[in-house]
Amino acid sequence: MFTHIPLIDFGPFLNGTDEDRQKVSSEIGDACRNVGFFYLLNHGVSSSLIERVYEQAERFFSQSIEEKMKLYIGSCPYGNNRGYTPMLEQKLSLKGDLKEGFDFAMELPADDKDRIERGASLYGPNLWPDNLEGFRECIYDECYLSMVSLGHRVLEAFALSLNLPPNYFKSMCQKPMVTMRLLYYPPQPIIIDEDQLGCGAHTDYECFTLLSQSNQSGLQVRNNKGEWINAKPIPNTFVVNIGDLMQRWTNDQFKSTIHRVINTSGTSRYSIPVFFGPDYFAEVKCLMTDQIAKYEPVIVGEYLTQRFYDTYHYRQKDSTSSM
Ligand SMILES: O=C(O)CCC(=O)C(=O)O
Ligand SMILES: [Fe+2]
């Protein structure tokens, strides 16, 4: 039963010897088995880049609702869950979450072969604002692509910690389903309505999440006694947490732990989660050959589509939509 979230120095994994990598991976493995969450320090993504992404997030969210709704996720022409999520749209809390989001993912053409010929509906282009100069360059070209590279390194550490070759997951992450979000949480009213949190209690869907938080607390992680442990922001770290696909893959060895956000800081809170998962058509099935599988194998894209359907209001309004 955990009472705090471990902090792991990733520097020796990125720059050290094989022995260093083994040591860091085993710390990561322990955190994934016991907590499902850890802080990652010395991850190689510059703090000034992250600062600039927060500036872009503030710039985006401070626009008028009309401007933001031009990129509404529910009218995304590609139907691939990209664009702007208004307040209360995502329903991880019963009455809708007190947050706004902007989602984007791997930029692929609308006529991507897997999308057109094989029905990989979550692939395709992003929706970008045409009035915010430099926005896309900062958040996608610089930040998103750096986060994807870091994600590949974290997967190597996961593989080592599971006694697998370091590039074990690589062949299933050639065109990975990585979604990055800019999130904005207004201050939560003083009297908390349990059915209307910044982000209701949930587990993440994909393999793992890399999360940057602005300086405001709000993220809480539930331990197996049902206590909420604060995951306060620690400068220059990412919070890393295991998602449901990884829990399935490891037959429950790695824990996908419940968490939520309540912004009681009295000021605006921003965060930047990056959800890292494998290719659309990758099959996730029990890695442990000596164990009875607890879960049915799933195709990643189909699994995620269903999970989006379960929590996004726009997907539920029109059950005849292709998504
Ligand atoms: O904003 C945060 O700190 C966490 C957000 C989160 O849990 C999510 O988007 O899945
Ligand atoms: Fe989450």
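The structure displayed is predicted, hence computed values, not measured ones.

Trainee: In this structure, what is going on with the site of ligand 1? I would like to understand it.
Mentor: The full set of residues close to ligand 1 is Leu183, Cys199, Asp204, Leu211, Gln213, Leu219, His259, Val261, Ser271 and Pro273. Counting only elements with at least two residues in the shell around ligand 1, the list comes to β7 (208-213), β11 (259-261) and β12 (269-279). When its residues are assigned to classes, the shell around ligand 1 shows six nonpolar, three polar and one charged.

Trainee: Where do I start with the sheet that holds strand β3 (residues 83-85) in this structure?
Mentor: Two orientations exist for strands paired in a sheet by backbone hydrogen bonds: parallel and antiparallel. Taken in spatial order, the eight strands line up as β1-β2-β10-β7-β12-β5-β4-β3 in an open sheet, and their pairing is mixed. The sheet is open, and its two borders are formed by β1 (7-9) and β3, each paired with just one other strand. Direction aside, the axes of adjacent strands within the sheet are offset by 25° on average. Note that strand β5 (residues 176-185) and β12 share seven bridges and pair antiparallel. If you follow Pro176 over to β12, its bridge partner there is Asp279. Each of β5 and β12 touches helix α8 (residues 300-311); the most contacted strand, β12, lies at about 145° to it.

Trainee: Even after reading the chapter, I still don't get the UniProt feature "domain: Fe2OG dioxygenase" (unreviewed entry) in the protein, so can you show me in this structure?
Mentor: Summarizing the sequence annotation, UniProt attributes the feature "domain: Fe2OG dioxygenase" (unreviewed entry) to residues 175-278 in the numbering used throughout. Here residues 175-278 runs as 6% helix and 44% strand, with 7 Å between its end C-alpha atoms.

Trainee: Looking at this model, I keep getting lost on the packing of helix α2 (residues 18-34) against helix α6 (residues 135-161). Mind explaining?
Mentor: Think of two packed helices as two axes; the pair is described by the angle between the axes and how far apart they sit. Viewed as axis vectors pointing N to C, α2 and α6 meet at an angle of 85°, and their least axial separation amounts to 8 Å. In terms of their interaxial angle, α2 and α6 are classed as roughly perpendicular. Mapping the contact onto sequence places Arg21, Gln22, Val24, Ser25, Ser26, Ile28, Gly29 and Cys32 in α2 and Ala157, Phe158, Leu160 and Ser161 in α6. The residue makeup of the contact of α2 with α6, split by class, is six nonpolar, five polar and one charged.

Trainee: What should I look at first to understand the sheet that holds strand β8 (residues 219-222) in this one?
Mentor: One open sheet holds the four strands; their spatial order is β6-β11-β8-β9, and the pairing between them is antiparallel. Each edge of the open sheet carries a strand with a single partner, namely β6 (199-202) and β9 (228-230). Pairs of neighbouring strands in the sheet enclose a mean axial angle of 25°, with direction left out of account. Sheet topology places β8 next to β11; three bridges connect them, and they run antiparallel. Following the sheet pairing, Val221 is matched in β11 by His259.

Rules used in this analysis
Residues numbered from 1 in each chain as written. Chains lettered and ligands numbered in written order. Predicted model: local features only at pLDDT ≥ 70, side-chain atom pairs only at ≥ 80, totals over all residues. Near = placed C-beta within 6 Å. Helix = DSSP H or I, 4+ residues; strand = E, 2+ residues; numbered from the N terminus. Nonpolar A, V, L, I, M, F, W, Y, C, P; charged D, E, K, R; others polar. Pairing = 2+ DSSP bridges. Axes fitted to C-alpha atoms, helices over the stretch in contact; angles between N-to-C directions. Contact = placed C-beta atoms within 7 Å. UniProt positions renumbered as here; feature names shortened; annotations may be inferred. Parallel < 35°, antiparallel > 145°, perpendicular 65-115°, else oblique.

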